[in-house]
Amino acid sequence: MADVLVDEKTGRTLALHPRKKVALKLQEKTILSHDSFLLNFALQSPEHMLGLPTGKHVFITAKVNGKLVMRRYTPITSDHDIGCVKFVIKAY
């Protein structure tokens, strides 16, 4: 299958694809303060790894008040965190 990417070092399937959007399910939202929260997204399976180099960002898109919004975020998790990806978000 040409659309499945595998990490060469670990053999794990990568969650991200460089040319395709990937839908992830929000599995937990934790309020950290009045304007900050932690979002924990499940990857496609508990065995997937994100596949994003350290310090790089991903685009997150969502519909907010009927409009499509896209923002860049850098995850706080790494490829050592299997099955999920987490972000700390500050609301303005």
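The residue numbering used here restarts from 1 in each chain and proceeds along that chain's sequence as written. With the structure being a predicted model, the display of local features is reserved for residues of pLDDT at least 70 and the display and counting of side-chain atom pairs for 80 or more, all residues being used for whole-chain, interface and lining totals. As a convention, hydrogens and water are excluded, and side-chain values are obtained from all of the structure's heavy atoms.

Thoughts on the packing of aromatic side chains
Logical step 1: Each Phe, Tyr or Trp ring (for Trp, its six-membered ring) is paired with any other whose centre lies within 6.5 Å, and the angle between the two planes then decides the class: stacked below 30 degrees, edge-to-face above 60, tilted in between. Summed over all chains, the structure comprises two aromatic pairs.
Logical step 2: With a centroid separation of 6.1 Å and an interplanar angle of 75°, the aromatic rings of F41 and F87 are classed as edge-to-face. Placement of the pair is F41 in strand β2 (residues 36-42) and F87 in strand β5 (residues 84-90), with a sequence separation of 46 residues.
Logical step 3: Here the term buried applies to any residue with accessible area under 20% of the maximum for its type, exposed to any over 50%, and partly exposed to those in between, with areas from a 1.4 Å probe on protein chains only. Here F87 falls in the buried class, since its relative accessible area comes to 4%.
Logical step 4: Judged by centre distance (6.5 Å) and plane angle (70°), the rings of Y73 and F87 are edge-to-face. Here the residue Y73 occupies a position in strand β4 (residues 67-73), and F87 occupies one in strand β5, the gap between them amounting to 14 residues.
Logical step 5: Y73 gets classed as partly exposed once you look at its relative accessible area, which sits at 23%.
Logical step 6: Members of the aromatic cluster, each reached through a chain of ring pairs, are F41, Y73 and F87.
Logical step 7: Across from the ring centre of F37, 4.7 Å away, lies the NZ or CZ of K29, which sits over that ring. Where helices and strands are cited, they refer to DSSP runs of H or I of at least four residues and of E of at least two residues respectively, numbered from the N terminus. Here, a charge over a ring is recorded when the distance from Lys NZ or Arg CZ to the ring centre is within 6 Å and its angle to the ring normal is within 35 degrees.

Here we look at the nonpolar core
Most often, soluble globular proteins have nonpolar side chains that are buried together.
Logical step 1: Formed by A15, F37, L39, F41, L43, L50, L52, V58, V85, F87 and I89, the largest nonpolar core amounts to eleven residues.
Logical step 2: For this core, the secondary-structure elements that each account for two or more residues are β2 and β5.
Logical step 3: I89 has contacts with D35, S36, F37, L39 and Y73, leaving out every residue within four places of it along the chain. Residue types Ala, Val, Leu, Ile, Met, Phe, Trp, Tyr and Cys, when buried and joined through side-chain atoms within 4.5 Å, form a set referred to as a nonpolar core. Residue contacts follow a heavy-atom distance rule, with two residues in contact if any of their heavy atoms lie within 4.5 Å.

So, the side chain of D7
Logical step 1: If you trace the backbone, D7 turns up in the segment before β1 (25-33).
Logical step 2: We score Asp and Glu as negative and Lys and Arg as positive, and we do not count His or the chain ends. By convention in these notes, a salt bridge is any Lys or Arg side-chain nitrogen within 4 Å of a carboxyl oxygen on Asp or Glu. Although buried, D7 forms no salt bridge, and the nearest oppositely charged side chain, K9, lies 6.9 Å from it.
Logical step 3: Contacts described as polar in this section are N or O atom pairs within 3.5 Å, which, within protein, must combine one atom able to donate a hydrogen with one able to accept it, while residues neighboring in sequence count only if both atoms come from side chains. Among the polar contacts made by the side chain of D7, one reaches the main-chain amide nitrogen of T10 at a distance of 2.8 Å.
Logical step 4: The contact partners of D7, leaving out residues within four places of it in the chain, are R12, L14 and M49.

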